[in-house]
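Summary of structural features
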Amino acid sequence: MEPILKVQNLTMDFGGLRALNRVNLDIREGEIVALIGPNGAGKTTFFNCITGIYKPTGGDVSIHPPGRDGLRINGMKPNRVTGHGLARTFQNIRLFPNMTVLENVMIGRHVRTKAGVLGAVFRPPSVKKEERDTVEYCYGLLKKVNLAREVNELAKNLSYGAQRRLEIARAMATDPFLLLLDEPAAGMNAYETIELDQLIRKIRDEDKISILLIEHDMKLVMNISERIFVMDYGSKIAQGTPLEIKQNPLVIKAYLGEDADADH
Ligand SMILES: Nc1ncnc2c1ncn2[C@@H]1O[C@H](COP(=O)(O)OP(=O)(O)OP(=O)(O)O)[C@@H](O)[C@H]1O
């Protein structure tokens, strides 16, 4: 079967700095895959290039959403990429802090609703029905991420871990076939991280959404991933199962090198 995401020779230069160097990666339907690597390896740049935030210097990105035709998404604008079913969360949380939890998710849903400006002003019955359906749908997502009780709370009043779960709900509201999570466990305590592990599995199993996550929490990565891609200095240095990655000398060197640097 065609991979649902196929990235070939992805390259990104910032002036003289090559942040991505001919990176290849593929994701199959139903997989949970991790992208790991020391700080500055190029992981977030990789997400930014495939979601249209950066226009890559070179390479090819194509998607094959289940049951639909495949297409190249190189250079496509972020909202169109989302429209094609690739949703993401951000390393630095990007919620609307002064809007409620429910409103934040409804904004995510906007990609899939039809009411335009006129509809929003005159609110014919069809628009009212769509609004009701949207609220119900978004409430369902909030239940899934365990934020049902906080629907009317302002996003800024949520704990860090809860804000990360809200970002996941907002991304899910766009109906993705693939969800990219950028450090979802950052700032979470051990208990929240276990809950996150269960949530990610539930999203994959119940909602049939495949997952690619960038994460520094190695316990989470090793537990949850079926395959792991490892980057260092902009290049992919390894890929394999958690067991293969744990034993890979190049990976061990990349991480030990980082520890050794941190000692100085
Ligand atoms: N907009 C930009 N302009 C210039 N350089 C950039 C830009 N974005 C990223 N870089 C550089 O590209 C390299 C890769 O950065 P990136 O943020 O992708 O790494 P990362 O693996 O996500 O790191 P971390 O784990 O710390 O988040 C770094 O050297 C970074 O300074």
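Described below are features of the structure shown in this document. Numbers given to residues run from 1 along each chain, matching the order in which its sequence is written. Only residues with pLDDT of 70 or above have their local features reported here, since the model is predicted, and side-chain atom pairs are shown and tallied only from 80 upward, although totals for entire chains, interfaces and linings are computed over all residues. To get the side-chain values, all heavy atoms of the structure are used, and hydrogens and water are removed first.

1. Remarks on the site of the ligand
Taken together, 15 residues lie near the ligand, and Gly40, Gly42, Lys43, Thr44 and Thr45 sit nearest. Side-chain atoms alone can form a polar contact between residues adjacent in sequence; in general such a contact is a pair of N or O atoms within 3.5 Å, and within protein one must be able to donate a hydrogen while the other accepts it. Measuring from an oxygen atom of the ligand, one finds a side-chain N or O atom of Thr45 at 2.6 Å. Take Tyr54: an N or O atom from its side chain is 3.0 Å from a nitrogen atom of the ligand. Working definition of accessibility: Shrake-Rupley area with a 1.4 Å probe, residue cover restricted to the visible protein chains. For the ligand, whose accessible area on its own is 630 Å², the fraction buried by protein is 64%. Elements are defined by DSSP. Helices are runs of H or I of four residues or more, strands are runs of E of two residues or more, and each kind is numbered from the N terminus. Taken together, the elements giving at least two residues each to the shell around the ligand come down to β2 (17–27) and α1 (43–50). A per-element tally of the shell around the ligand places α1 first, with 3 residues. Looking at the shell around the ligand residue by residue, the classes come out as 6 nonpolar, 7 polar and 2 charged. Being near a molecule or strand, for a residue, comes down to having at least one heavy atom within 4 Å of it. Charged means Asp, Glu, Lys or Arg here, nonpolar means Ala, Val, Leu, Ile, Met, Phe, Trp, Tyr, Cys or Pro, and polar covers whatever is left, Gly included.

2. A closer look at the packing of helix α6 (residues 160–172) against helix α7 (residues 190–207)
The axes are straight lines fitted to the C-alpha atoms, using for helices just the contacting stretch, and the angles between their N-to-C directions are given from 0 to 180°. The interhelical angle for the contact between α6 and α7, taken along N-to-C directions, is 10°, at an axis separation of 11 Å. The orientation of α6 relative to α7 falls into the category roughly parallel. On the side of α6, the interface is formed by Gly161, Ala162, Arg165, Ile168 and Met172, while α7 contributes Glu192, Leu196, Leu199, Ile203 and Asp207. Oblique is the label for any angle not under 35 degrees, not over 145, and not in the 65 to 115 range, which are roughly parallel, roughly antiparallel and roughly perpendicular in turn. It only takes one pair of heavy atoms within 4.5 Å for two residues to be counted as in contact.

3. Comments concerning unusual backbone geometry
Within the chain, Arg22 stands out as a residue other than glycine whose phi angle is a positive 50°. Locating Arg22 in the fold gives a position in strand β2. The rule is simple: take the accessible area with a 1.4 Å probe, protein chains only, and divide by the maximum for that residue type; under 20% is buried, over 50% is exposed, in between is partly exposed. By relative accessible area, Arg22 is classed as exposed at 53%. Unlike most non-glycine residues, Glu183 shows phi in positive territory, near 50°.

4. A few points about the sheet that holds strand β3 (residues 32–36)
In short, DSSP must find at least two bridges between two strands for them to pair. Strand order in the open sheet made by the 6 strands is β6-β7-β8-β3-β9-β10, with mixed pairing throughout. The open sheet has two edge strands, β6 (86–88) and β10 (235–240), and neither has a second partner. With direction set aside, neighbouring strand axes in the sheet form an average angle of 20°. On the sheet, α6 packs against β6 and β7 (178–182) and is oriented at approximately 155° with respect to β7.

5. Observations concerning the environment of Gln247
Within the fold, Gln247 resides in helix α9 (residues 242–247). Distance in space between the C-alpha atoms of Gln247 and Phe96 is 42 Å, their sequence separation being 151 residues.

6. Digging into a nonpolar patch on the surface
On the surface, Phe14, Leu17, Ile53 and Tyr54 cluster together into a nonpolar patch covering about 330 Å² of accessible area. With respect to the helices and strands, Phe14 occurs in strand β1 (residues 5–14). Take Phe14: its relative accessible area is 32%, and that puts it in the partly exposed class. For patch building, the residue pool is restricted to those with more than 30% relative accessible area and no salt bridge; the joining distance is 9 Å between like charges and 5 Å between nonpolar side chains (Val, Leu, Ile, Met, Phe, Trp, Tyr). Just to be clear on terms, a salt bridge is a Lys or Arg side-chain nitrogen sitting within 4 Å of an Asp or Glu carboxyl oxygen.

7. Overview of the nonpolar core
The definition of a nonpolar core used throughout is a set of buried Ala, Val, Leu, Ile, Met, Phe, Trp, Tyr and Cys residues joined through side-chain atoms within 4.5 Å. Among the nonpolar cores identified, the biggest contains 43 residues, and Leu142, Leu166, Leu179 and Leu213 are the most heavily contacted of them. Of the residues forming this core, the biggest block, 6 residues, is contributed by α6. Domain boundaries shown here were taken from an automatic or database domain assignment. Of the residues that make up this core, three or more belong to each of domain 1 (1–85 + 176–264) and domain 2 (94–173). The residues contacting Leu142, other than those within four sequence positions of it, are Val101, Leu102, Val105, Leu147, Ala148, Val151, Leu166 and Ala169. One finds Val23, Phe47, Phe229 and Met231 within the second-largest nonpolar core, a separate group that totals 29 residues.

8. With respect to the pairing of strand β8 (residues 210–214)
Along β8, 5 of the 5 residues are buried, which leaves the element largely enclosed by surrounding structure. Where burial is concerned, the two faces of β8 agree: the one with Ser210, Leu212 and Ile214 and the one with Ile211 and Leu213 are both buried. Two strands pair when backbone bridges link them, and β3 and β8 are joined in this way by 4 bridges, in the parallel orientation. Directly across from Ala34, in β8, lies its bridge partner Leu213. Where β7 meets β8, 5 bridges bridge the pair, whose relative direction is parallel. Counterpart to Leu179 in the pairing with β8 is Ile211. The β-α-β motif built from β7, the intervening α7 and the parallel element β8 has right-handed crossover chirality. Clockwise travel from the first strand over the helix to the second, with the strands pointing away from the viewer, marks a crossover as right-handed.

9. Topic: the packing of helix α3 (residues 101–109) against α6
Axis separation between α3 and α6 bottoms out at 7 Å; the angle between their running directions is 35°. α6 is crossed by α3, and the crossing has right-handed handedness. Contacts from Val101, Asn104, Val105 and Gly108 in α3 reach Leu166, Ala169 and Arg170 in α6. For a crossing to be left-handed, the near helix must be turned anticlockwise from the far one by less than a right angle; the clockwise case is right-handed.

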